[in-house]
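Report on the structure
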Amino acid sequence: MSGSLLDAGAVIGCPHGGRASAATTPTAAVLIDGRAVATAAHTYAVTGCPHTVNGVPTPCVTVRFTADGSGVTVDGAPVLLDTSAAQCLSAAFVPQGPPVVQAAQRKVTVR
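Notes on the structure follow. The model shown is predicted, which means the values in this text are computed figures rather than measured ones.

Moving on: the overall build of the protein chain. Within the protein chain, the regular secondary structure consists of 0 helices and 13 strands. What you see in the protein chain, going N to C, is helices and strands ordered as β-β-β-β-β-β-β-β-β-β-β-β-β. Out of the 111 residues belonging to the protein chain, those deemed buried represent 35%. Within the protein chain, residue pairs in contact and separated by at least 24 positions form 62% of the contacts whose partners lie at least 6 positions apart. For the protein chain, the exposed surface amounts to about 5,900 Å²; the carbon and sulfur share of it is 55%.

On inspection of all chains with the given rule, the structure shows 1 aromatic pair. Considering the side-chain rings of Tyr44 and Phe65, the 5.5 Å spacing of their centres and the 65 degrees angle between planes classify their relative orientation as edge-to-face. You can see Tyr44 sitting in strand E5 (residues 44-47) and its partner Phe65 sitting in strand E8 (residues 62-66), a full 21 residues away along the chain. Residue Phe65 is classed as buried on the basis of its relative accessible area of 12%.

The rules behind each value
Residues numbered from 1 in each chain as written. Predicted model: local features only at pLDDT ≥ 70, side-chain atom pairs only at ≥ 80, totals over all residues. Heavy atoms only, no water. Helix = DSSP H or I, 4+ residues; strand = E, 2+ residues; numbered from the N terminus. Buried < 20%, exposed > 50% of the residue type's maximum accessible area, 1.4 Å probe, protein only. Contact = heavy atoms within 4.5 Å. Areas by Shrake-Rupley, 256 points an atom, 1.4 Å probe, with all protein chains shown as cover. Phe/Tyr/Trp six-rings, centres within 6.5 Å; stacked < 30°, edge-to-face > 60°.

Have a look at this one:
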């Protein structure tokens with residue numbers, strides 16, 4: 001699987017315009033332009049999602065990534081790519097569509 005590595009500062013949004021950000025801090029074992037590489041061990045929280053169903057607010061609140069089988073890991077967890085499968089979920093864990101990854105990095109620094 002090919003794609004660009006995601007880092008802690010990647011710009012990720014839900015399909016309805018909310019913004020996703022890392023809810024847990026990635027380890028600094030591998031850096032991309034000074035930011036930690038994101039892995040499947042990290043969780044992402046969504047804020048500002050305006051999604052409604054039949055007039056009832058059902059915003060996206062989290063993003064769940066499924067790591068690719070690239071074999072590349074950081075601290076034992078698979079790295080996340082901009083092509084990694086993912087789903088935005090409501091508070092009731094109802095799938096609401098894939099996230100939109102707007103920015104990813106390529107330069108890698110190993111410590």
